[in-house]
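# Coordinates in review
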Number of protein chains: 2
Amino acid sequence: MKTETTLERGPNDPGLANPSRRSILIGSAGAMAAVSLLGFSRLSAAEEPKSLPDYAVWKERSALIIHSTNTMETQRGAIGNGVITASDRLFVRNNLPAPPASVTDNPDAWEVRVEGVKNPRTLTVGELKSMGVTTVASVLQCSGNGRAFFPHGASGTQWSVGAAGCVMWTGVPLRDVVDALGGAVDGVRYITGTGGESLPDGVDPKSIMVERSIPTRALDSALLAWAMNDEPLPHTHGGPLRLVVPGYYGVNNVKYVKQIALTENQTDAKIQASGYRVRDVGMKGSPDQPSMWEMNVKSWVTSPLESGRKGRNMIYGVAFGGTVALDKVEVSTDGGKNWKPARFLGPDLGPFAWRPFVMAVDFGPGEHRIVSKATDVEGNSQPEGRIDNERGYGHNGWSDHGVTVTVG
Amino acid sequence: MKTETTLERGPNDPGLANPSRRSILIGSAGAMAAVSLLGFSRLSAAEEPKSLPDYAVWKERSALIIHSTNTMETQRGAIGNGVITASDRLFVRNNLPAPPASVTDNPDAWEVRVEGVKNPRTLTVGELKSMGVTTVASVLQCSGNGRAFFPHGASGTQWSVGAAGCVMWTGVPLRDVVDALGGAVDGVRYITGTGGESLPDGVDPKSIMVERSIPTRALDSALLAWAMNDEPLPHTHGGPLRLVVPGYYGVNNVKYVKQIALTENQTDAKIQASGYRVRDVGMKGSPDQPSMWEMNVKSWVTSPLESGRKGRNMIYGVAFGGTVALDKVEVSTDGGKNWKPARFLGPDLGPFAWRPFVMAVDFGPGEHRIVSKATDVEGNSQPEGRIDNERGYGHNGWSDHGVTVTVG
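Each chain has its residues counted from 1, following the order in which its sequence is written. Written order determines the labels here, with chains lettered from A and ligands numbered from 1. Given that the model is predicted, a residue must reach a pLDDT of at least 70 before its local features are reported, and side-chain atom pairs must reach 80 or more before they are shown or counted; all residues, however, enter totals for whole chains, interfaces and linings.

The next thing to look at is the overall build of chain A. When helices and strands are tallied, chain A shows five helices and 22 strands. Across the 408 residues in chain A, those meeting the buried criterion constitute 55%. Placing a C-beta atom from the backbone of each residue, one calls two residues in contact when those atoms lie within 7 Å. Taking as baseline every contact in chain A between residues at least 6 positions apart, the subset at least 24 positions apart corresponds to 73%. Helix numbers and strand numbers start at the N terminus; a helix is a DSSP run of H or I with at least 4 residues, a strand a run of E with at least 2. Field definition: a residue is buried when 20 or more other C-beta atoms are found within 10 Å of its C-beta, exposed when 12 or fewer are, and partly exposed for counts in between, with C-beta atoms placed from the backbone.

Written out as structure tokens, the structure is:
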């Protein structure tokens, strides 16, 4: 077991799934048992729970790899070629056990406190719905997506490519809310969102709570979302209300958001101060290291994955540029020696969305190494290799993300 | 019961749902019983079957109005504000009982014959998949959507607004197929698609088959689709393969398509020759009347529908321009006296898609008549009234499509 902040892992015991407020607050014995579980290292394959936890039971089991109760990955072969990821195939990653599912019984009654504005207020979702609305397609991706490819065994969920999906979010632009409350107070540099999960007694809240700060430049695109893919935001994905920051890594998209504060400094919660920091292998996290904010340009092949057929094959994949629109995707079928342009497939849902791509290729018998490389409109391109870092964050190297296809 | 072509109605008896090939071919007695059912007028409310038929049992029952076994409408309140209609909420309209569900067991094996090209061929879906691919969002709408608003009691399913949805289709561009087979033969003016439904014995096939002709200008956008909303095309919606003609009324989007022919003339099948023809009330259908091809510009409000609240309300709706992109949508809350521009919500999925729209309004107590009016980029706008016609086709008058909202 690594000496690493436990928060970045989340609990792995199925017994912790979706606890009621009562069960997590039954006292120090129960609370400490829960907390100790947060320190477990990742499950071995033998320990992997095979069924969906209660709070995600509506998901399509066959589309998912269940790493733990709070971490479920979309199978590479289930990602498809669509511009939007179906909700029941979307990955799940909770940093803490979710609050009771009953929080979505009356979504409009959920309250969020807004601080750091001239007129701070507590607003219900019902009130937010009359303040403004936007619908934005954006990629939701875990910071550790691709972690499984790091040879040093970066701790955390061993995501391959499926801790990502492209989602249609609907909610009020955060800027509309800030403006309605008189605008930001002077000197703020961060948007700090706080999750509404129940915290166990007997633990320093800062060591465990989900509270993230992102730069105020994200006010241009951030929203408080109450719907996902044209359905009320499911409890599994942070309903009734989630802070959505298009183009930012998943952890910044705070679920069950109960407070938004415009702040001068970043929160000192552990998940921000030392968690989700990019640093060399073996180093501890600290606030001076880069935080996992804007996503980098990335792509991967979704089909074929193992076997192709002699002759014409269509190679499919998905690509995105984080906060920057895509320019192009190139595909190589010889491991990166020669590249050809792929074609985008389907409508462009905007700069934060992913774009499915396709390329026709004629295969002879043998093994073919298919890799893809995306470039955004600012000229940023995927590197060939990985950039080693302690927790295996932000991997967008094209080589590791390729697939080897055998043609008989 | 009207003296009208039976084909435009479809069978209404739940017992006819999804018959096996055997049951429909058991001989003249069974066949004639089936055929006689095709002549039934629409069900009265008392006769309405309340449960989903077998071939559509995966649909979200609460989102639908079940008119008959082969006609299910999306509830106005279930249309939502999304750019895409979820498959389980999409309306269903079959002109004939669907073929056995087993046709989608091995979708790649489905065959379609292509005629009217220099090298006619029978192609499997598997072969089509290597010939090209496109993904297009387009509105699927029944020709009779809005029929319920005609005061003369136009016969046919009494659709209100919900015989429409916006769908993401994936398949091969029809032009790619035609090009691969040497191009069109000389003199063709129509694309004629034939459905793969089983036909009962003892009836002239032309009187009952689903075979539609559309002008060859549709080659610019038509596709042979094997997927809908990034899933294999469901049997319920014409899988394994459907001719999709973006911007054209639903009937032209031939399900279970087994033949595509480029032809000099329109088919003489009844569904084309006399069915789906716009004519004055009381007239019979004939080939010299306009056929239901390109859809006209249209919009309607989806929320609120009955009650609003004092103060700020968000009015939502959907709008589309058929084959022409939208320019704008205006909304009136006083029955059409004063109009204000609405704002489009969410990404633009292209000229054939619908666009959700939203407008904020402050309501005082009383009744408010909300109407919406869309205009396309060629300047075509919805008329105020309906254009009376025998079968109640193509209704896009803004007045009938409005809603009256009470604020207490």
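We are not done yet, so read on.
As a further point, take the sheet that holds strand β17 (residues 326-332) of chain B. Within a sheet, adjacent strands bond to each other through the backbone by hydrogen bonds, running parallel or antiparallel. All names here are of chain B. Strands sit in the order β15-β22-β21-β17-β18 across an open sheet of five strands; the sheet is mixed. Where the open sheet ends on each side, the last strands, each with one partner, are β15 (307-308) and β18 (340-341). Whether two strands pair depends on DSSP finding at least two bridges between them. As judged from the two bridges shared by β15 and strand β22 (residues 403-407), these two strands associate in the parallel manner. Looking at the pairing, Gly308 lines up with Val407 of β22.

This part is about the relation of the copies chain B and chain A. One copy of the chain maps onto the second through a rotation around an axis plus a translation along that axis. Under the fitted operation, chain B is carried onto chain A by 0.0 Å of movement along the axis and a turn of 180°, and the coordinates agree to an RMSD of 0.0 Å. Each copy turns onto its partner about a two-fold axis. Nearest to the rotation axis, the C-alpha of Leu349 of chain B is located 3.6 Å from it, this being the minimum over chain B. In this comparison the copies share one frame, found by least squares on the C-alpha atoms of residues holding pLDDT of at least 70 in both.

Quick look at the domain arrangement of chain A now. All names here are of chain A. Each domain's limits were defined by an automated method or a database of domain assignments. Domain annotation of chain A identifies domain 1 (6-273) and domain 2 (298-407). The partner domain 2 presents 27 residues to the 26 residues of domain 1 that form the contact. With four residues, strand β6 (residues 134-141) is the single largest residue contributor to the side of domain 1 that touches domain 2. Grouping the constituent residues of the side of domain 1 that touches domain 2 by class yields eleven nonpolar, twelve polar and three charged. Throughout, the ten residues Ala, Val, Leu, Ile, Met, Phe, Trp, Tyr, Cys and Pro are labelled nonpolar, Asp, Glu, Lys and Arg are labelled charged, and all others, Gly among them, are labelled polar.

Before going further, it helps to examine the pairing of strand β8 (residues 190-195) of chain A. Residues and elements named next belong to chain A. The buried fraction of β8 amounts to six of the six residues, a majority that puts the element mostly inside the structure. In terms of strand pairing, β8 meets strand β9 (residues 211-215) through five bridges, oriented antiparallel. The partner of Thr192 across the bridge, within β9, is Ser213.

Before going further, it helps to examine the interface of chain B and chain A. Quoted interface sizes are often the accessible area lost when the parts come together. In this complex, chain B contributes 21 residues to the contact, which on the side of chain A involves 21 residues. For the side of chain B that touches chain A, the class distribution of residues is ten nonpolar, eight polar and three charged.

It is worth spelling out the sheet that holds strand β5 (residues 121-124) of chain A at this point. Residues and elements named next belong to chain A. Read from one edge of the open sheet, five strands run β5-β4-β13-β8-β9, paired in mixed fashion. Strands at the two margins of the open sheet, each flanked by one partner only, are β5 and β9. Within this sheet the neighbouring strands show an average axis-to-axis angle of 20°, counted without direction. As paired elements, strand β4 (residues 111-115) and strand β13 (residues 257-263) share three bridges and run parallel to each other. When the sheet's bridge partners are listed, Glu115 is paired in β13 with Ala261. Axis definition: a line fitted to C-alpha atoms, over the contacting stretch in the case of helices. Angles run 0 to 180 degrees between N-to-C directions.

Among all residues save glycine, negative phi is the norm, and among peptide bonds the norm is trans. All names here are of chain B. In this model, Gly239 is joined to Pro240 through a cis peptide bond whose omega is 15°. Along the chain, Pro240 turns up in the loop between β11 (231-232) and β12 (242-244). In the segment running from Ser303 into Pro304, the intervening peptide bond is cis, with an omega of -5°. Relative to the helices and strands, Pro304 is located in the loop between β14 (298-303) and β15.

Within soluble globular proteins, side chains that are nonpolar tend to cluster in buried spots. Of all hydrophobic cores here, the largest spans 200 residues; its most connected members are Leu224 of chain A together with Leu224 of chain B. Excluding residues within four positions of it along the chain, Leu224 of chain A makes contact with Val112, Leu128, Gly171, Val172, Leu174, Val177, Leu241, Leu243 and Val257 of chain A. Residues enter a nonpolar core if they are buried, belong to Ala, Val, Leu, Ile, Met, Phe, Trp, Tyr or Cys, and are joined to the set through C-beta atoms within 7 Å.

Okay, the environment of Ser102 of chain A next. Secondary-structure assignment places Ser102 of chain A in the loop between β3 (92-93) and β4. Between the C-alpha atom of Ser102 of chain A and that of Pro234 of chain A, which follows or precedes it by 132 residues, the distance is 11 Å.

Residue and element names in this part refer to chain B. Note that Gly116 resides in the loop between β4 (111-115) and β5 (121-124). Judged by C-beta crowding, with 21 C-beta atoms within 10 Å, Gly116 ranks as buried. For the pair Gly116 and Asn70, spaced 46 residues apart in sequence, the C-alpha to C-alpha distance is 32 Å. Dropping the residues within four chain positions of it, Gly116 is found in contact with Ala184, Val185, Val188, Ala261, Leu262 and Thr263.

In this section: the confidence of the model for chain A. Residues and elements named next belong to chain A. Taken over all residues, the pLDDT of chain A has a mean of 90, while the share at 70 or more is 88%. A low-confidence stretch, residues 1-45 (pLDDT under 50), is modelled with 87 contacts involving residues beyond four sequence positions or located in other chains. In the predicted assembly, ipTM is 0.87 and pTM is 0.88. Residue-level confidence of the predictor is what pLDDT reports, using numbers from 0 through 100.

Glancing now at the environment of Met72 of chain B. All names here are of chain B. Structurally, the position occupied by Met72 is in strand β2 (residues 71-74). It is 9.7 Å that separates the C-alpha atoms of Met72 and Arg89, two residues lying 17 residues apart in sequence. With residues near it in sequence (within four places) discarded, Met72 still touches Ala56, Lys59, Leu64, Ile65, Ile66, His67, Phe91 and Val92.

Take the pairing of strand β8 (residues 190-195) of chain B next. Working note: regular strand, side chains alternate between the two faces of the sheet. Residue and element names in this part refer to chain B. Of the two faces of β8, both are covered, the one formed by Tyr190, Thr192 and Thr194 as well as the one formed by Ile191, Gly193 and Gly195. As defined by bridge partners, β8 adjoins strand β13 (residues 257-263) across six bridges and the pair is classed as antiparallel. Its bridge partner being in β13, Thr192 is matched across the sheet by Ala261.

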